[in-house]
Amino acid sequence: MPQFTRAGSVMPPVPSATRALIFAICVLQGLLLYFFLSYHASPALESLSHNIYGQTMAFTLPVLISLSVVRLNDRRFWGCMAVLALLLAGMSAWVNSNSTATPADSLLLPFYLSLILLIYFVLPWLQVQSFPSETRYRYANLAACFSQNTLCLMFTLLLMQLTVGVLALCSALFRLIGIDYFHELFFDTPLFMWLVYGVLLGISIITCRTQPSLMNVTKNIIRLILKCLLPLVAFVALIFLFALPFTGLKALSTAWSAASLLTVMAMSILILVNVVRETDSAVKPYPRFIRLMVNAAVLLLPVYAALAMYATGLRIAQYGWTPQRMWAVLTIGVTLVASVCYSLSVIDKRPEWLPHITQFNKPLSLLVVLLVIAVNSPLLDPYRISVNNQIARLDEGKTQAKDLDLSMLRFDTGRRGNEALKDLQQNPAFMTDPRLMAILKNTISQTSRWGSYGVEDAAQAAKNYRPENAKKMFQLAKGSVSPEDAWWNSLPELEKYSSTLRDCLGLQGACILNTLELNNDKQKEIFLCNTLNTVSINCRIYAKQSGKWQQAGELYLYDDKDKNGLIQALRDGEVKPVPRKWADVQIQGKRRVVHYSSENE
C-alpha cells in the first residue's frame, strides 16, 4: 500500500519478498552485533571479533538496507550501498589508526554517535533513489522520508522498552517460585537479547514501511503536541534575551554549561519550526499575535548560537582545543548557519510562512553529512588538532606544564595523545621537575583515567617491591614513628599495587605517613596521604584487626586555593583525631549507624 505525504508524494510500496529480506537482515544484524560486541572469542577468532570494521558494518549497513530497499534488482540502490560501504570502511580505518595500542573507549563513543548522525541524514537521500526520477529530490519526498525514519526510531525504542518490561515481569514471576531459568535466559544470555533486538527491529521497520495510515495518524498527533509547544519555547527564548542585557555576558562566561544550554534552546526552536511548518503549505499556523512571537524568536535565533559560540570560544582561549570542544564548535557552527538561514526566511516578503526553510534544509542536511565525514578523516581530525594545539600552547608558555591535562592526552586523544606524552618526557619543563615527571610516567602507565594499571604491570611492580626501599620514599610526619615491619610487608597486598602505592614509590616525599589513635584501642592507626595527585589529596587509614593490617577508611582532601599549605600541615603532623559529636545507637544488641545531617556532625 503506498503511503502519501501531505504534499501528495507517494512512498513506494514494499513487496513481500523485500519484507522477508528486511526481517532476515535485522535478525542477522542482531547476530553480528552479538559477535562483534558481546561474544567472548577464542584466541583463533580474537582478531576477527571485536574489531572496529565489523562493528561499523554490522551497526550501519543492515539499518540502511532495511529502511531503504524496495526492489531487490535495483542496481542504482545497490550501487549507492557499495559507495556507502567504502565510505564507512575509510572512516573506520582512520579511527582504527588512532586507537592502536591505546584505550579506545573514549574514541569509539564519538565515532558511534557520528555514525548515528550519518545514518539519519544519509537515509532520506538513499531512500529517494527509488522514487521517480523527475520528482526524486523534491523536498516533499525528503521530508516524508525524514518523518518516517524519525517515527520508526521512536516506535522501535517504545517496542523494545515494552518487550524488556514484559520479559522482566516474566522472569520476576518465575523467580518468586524458585525458577531462575528465565532470568538467566533473558538477562544473562547476550545471544538471546541480541536476537530479540533483531526480531523487534525487523517488526518495527516492516510495520513502519507498510502501515501508512498508522504512521500518518501518529505523525499528526505528535505534530499537534509540538505545535502547542512551539509558542511556549519561543516565549521563553524571547524573555531570556530580554533579561540578558540586565545581567551582562559575564554570567555566561562563568557558567559551566552555558554553551550547551544555549545550543539546545536554538536547536529546539529549529526542530519545532520544522515540525510545525507543513511541507509546501501556504496556510499560516497560529493566530497573528502568536505567529509574530514565534517569528521574533526565529529572527533572534542567531543571537543564541552566537552566544554559545562566544562561551565556547572563551574556554578555547583559556584552555585550548580538546576533542569535546571541537565537536561543540562544529555543532554550534551548524546551528549558527541554520539560525541565520531561518532568520532570513522570517523577513521574506512572500505570503507563505517561512518560505525559504524548504530551500535551506536540503543543503543543511548535506552540510551535516560532510562535517561528520570530515571529523572522521584527516580533514578535521579533532584528535590531531587538539594534541597539536595543547603542545603548542605548552611550548609558547600559554599553558604551564603543571596545568597541562595529561589525562586528556592519555585517554581522550588516542594514539596521537599517547605519542605526545612520550615526547613530553624529553620536555625541559618535565625533566627539571621530578614531581611532574613522576605524574607523567604514571599517566603513561595507567590503563584507565581512574588510576588503575595493567595486570602484568601491577604484578611485576609488586614482585619488585622492597620494604627497605619503600621506607626511604615515604615521609614521616613530625612526631610520628615508623609503622611496624608487618605493615610495610603487607602494603602490596593492601593496595593491590594501586595508584597510591605507585605514586608513593615514584617520588620521594609524595606520600606522608602519620600515626594516630583513632578508635581508642590503645593502638595507633596509620594515616597515609598521597599528595602527588593534582586534583586532590587521597588519605587512607589502616588499622590492625585480629593481628592483620587492613584498610579501615579513606578521605579525599580538596583545597585548590591552598593545597601547598595543606600538604605542609600534613608534614608537620597537624592532624588530630576529633570524636564525633553525635553517637550511633544500639538496638537488640546490634549497632545501628546513624547518618546525621552535616550541620549536626
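In case you missed it, the structure is sitting above this.
Residues numbered from 1 in each chain as written. Predicted model: local features only at pLDDT ≥ 70, side-chain atom pairs only at ≥ 80, totals over all residues. Heavy atoms only, no water.

Under the defined criterion, the tally for this structure stands at 21 aromatic pairs. For the pair F474 and W487, a centre-to-centre distance of 6.5 Å together with 85° between the ring planes defines the contact as edge-to-face. Of the two residues, F474 is situated in the loop between helix 21 (467-473) and strand 3 (475-476) and W487 in helix 22 (residues 485-495); the sequence distance between them amounts to 13 residues. Here the two residues F474 and W487 agree in accessibility, since each one is buried. The positively charged end of K227 is found above the aromatic ring belonging to Y286, 5.8 Å away from the centroid. (Phe/Tyr/Trp six-rings, centres within 6.5 Å; stacked < 30°, edge-to-face > 60°. Helix = DSSP H or I, 4+ residues; strand = E, 2+ residues; numbered from the N terminus. Buried < 20%, exposed > 50% of the residue type's maximum accessible area, 1.4 Å probe, protein only. Lys NZ or Arg CZ within 6 Å of the ring centre and 35° of its normal.)

Our next topic: the side chain of T515. With respect to the helices and strands, T515 occurs in strand 4 (residues 511-516). Once residues lying within four places of it in the same chain are set aside, the contact partners of T515 are S480, V481, K524 and E525. (Contact = heavy atoms within 4.5 Å.)

This next bit is on helix 14 (residues 357-375). Between its first and last C-alpha atoms helix 14 spans 27 Å; for 19 residues at 1.5 Å apiece the expected length is 27 Å, and the two agree. Here helix 14 has its buried residues at I357, T358, F360, N361, L364, S365, V368, V369, V372, A374 and V375. (Expected span 1.5 Å × (residues − 1).)

Quick look at the sheet that holds strand 5 (residues 525-530) now. A sheet is described by the order of its strands in space; here five strands give the open sequence 3-4-5-6-7, paired in mixed fashion. Here the strands that pair on one side only, and so sit at the sheet edges, are strand 3 and strand 7 (548-557). In terms of strand pairing, strand 4 meets strand 5 through six bridges, oriented antiparallel. Within the sheet, the bridge partner assigned to L516 lies in strand 5 and is E525. In the packing of helix 23 (residues 499-506) onto the sheet, contacts are made with strand 4, strand 5 and strand 6 (537-545), and the angle to strand 5 comes to roughly 75°. (Pairing = 2+ DSSP bridges. Axes fitted to C-alpha atoms, helices over the stretch in contact; angles between N-to-C directions.)

A negative phi angle is the norm for most residues apart from glycine, just as the trans form is the norm for most peptide bonds. One non-glycine residue, S546, lies in the positive phi region at around 55°. By the element assignment, S546 lies in the loop between strand 6 and strand 7. The exposed category is assigned to S546, whose relative accessible area is 83%.

On to the nonpolar core, then. The biggest cluster of nonpolar side chains holds 46 residues, and the ones touching the most others in it are I22, L64, M81, L118 and I205. Of all the secondary structure elements, the ones that give two or more residues to this core are helix 1 (16-38), helix 2 (52-68), helix 3 (75-99), helix 4 (105-127), helix 5 (139-176), helix 7 (190-210) and helix 14. With nine residues, the single largest contributor to this core is helix 4. When neighbours within four sequence positions are excluded, I205 is seen to be in contact with I22, C26, S66, L67 and C152. Membership of the second largest hydrophobic core comes to 36 residues, among which are L230, A237, L252 and I269. (Core = buried A, V, L, I, M, F, W, Y, C linked by side-chain atoms within 4.5 Å.)

Another aspect to go through is the pattern of salt bridges. Following the criterion strictly, the structure yields twelve salt bridges and no others. Across the salt bridge formed by R416 and D381, the nearest N and O atoms sit 3.3 Å from each other. Highlighted residues: R416 in helix 17 (residues 414-424) and D381 in the loop between helix 14 and helix 15 (382-396), separated in sequence by 35 residues. Across the pair, D381 and R416 agree in class, each one buried. For E493, the salt bridge is made with K548, and the minimal N-O distance between the two is 3.9 Å. With E493 in helix 22 and K548 in strand 7, the pair connects residues that are 55 residues apart, well separated along the chain. (Salt bridge = Lys/Arg side-chain N within 4 Å of Asp/Glu carboxyl O.)

This paragraph deals with the environment of C152. On the secondary structure map, C152 appears in helix 5. For the pair formed by C152 and L67, sequence separation is 85 residues and the distance between their alpha carbons is 9.2 Å. Among all residues touching C152, those that are not within four sequence positions of it are L67, S204, I205 and C208.

Right, let's get into the packing of helix 8 (residues 212-247) against helix 11 (residues 288-299). The relative placement of two packed helices comes down to the angle between their axes together with the axis-to-axis distance. Remark: helix 8 packs on helix 11, axes separated minimally by 9 Å, with the N-to-C direction vectors making an angle of 55°. Considering the angle they form, helix 8 stands oblique to helix 11. Considering the relative orientation of helix 8 and helix 11, their crossing is left-handed. Listed contacts from helix 11 to L230, P231, A234, F235 and L238 of helix 8 are I290, M293, V294, A296 and A297. Of the residues contributing to the contact of helix 8 with helix 11, the split by class is ten nonpolar, no polar and no charged. (Parallel < 35°, antiparallel > 145°, perpendicular 65-115°, else oblique. Left-handed = near helix turned anticlockwise from the far one by under 90°. Nonpolar A, V, L, I, M, F, W, Y, C, P; charged D, E, K, R; others polar.)

Let us look at the state of the cysteines. Summed over all chains, the structure comprises two disulfides. Covalently, C504 is tied to C511 through a disulfide, its sulfur atoms 1.8 Å apart. Disulfide C504-C511: torsion about the S-S bond near -85°, hence left-handed. Relative accessible area serves as the criterion here: at 1%, C504 is assigned to the buried category. With no disulfide of its own, C80 has C145 as its nearest cysteine by sulfur position, at a separation of 13 Å. Classification of C80 by relative accessible area gives partly exposed; the value is 24%. (Disulfide = S-S within 2.5 Å.)

A separate point is helix 2. With 17 residues, helix 2 should cover 24 Å at 1.5 Å per step; its first-to-last C-alpha distance of 24 Å lies within 8% of that length. In terms of burial, helix 2 is a largely internal element, 14 of the 17 residues being buried. Capping the start of helix 2 is the job of one residue whose side-chain oxygen sits 3.1 Å from the backbone nitrogen of Y53: N51. (Polar contact = N/O pair within 3.5 Å; in protein donor to acceptor, adjacent residues only side chain to side chain.)

Attention now goes to the pairing of strand 5. Put simply, side chains in a regular strand alternate between the two faces of the sheet. With respect to burial, strand 5 is a largely interior element, six of its six residues being buried. Sheet topology places strand 5 next to strand 6; five bridges connect them, and they run antiparallel. In the sheet register, N530 faces strand 6, and the bridge partner there is N538.

This part covers the packing of helix 8 against helix 12 (residues 301-319). Viewed as axis vectors pointing N to C, helix 8 and helix 12 meet at an angle of 60°, and their least axial separation amounts to 11 Å. With respect to their mutual orientation, helix 8 and helix 12 come out oblique. With respect to the hand of their crossing, helix 8 and helix 12 are arranged in left-handed fashion. Across from V236, A237, F240, L241 and L244 in helix 8, the residues of helix 12 making contact are V303, Y304 and L307. Of the residues contributing to the contact of helix 8 with helix 12, the split by class is eight nonpolar, no polar and no charged.

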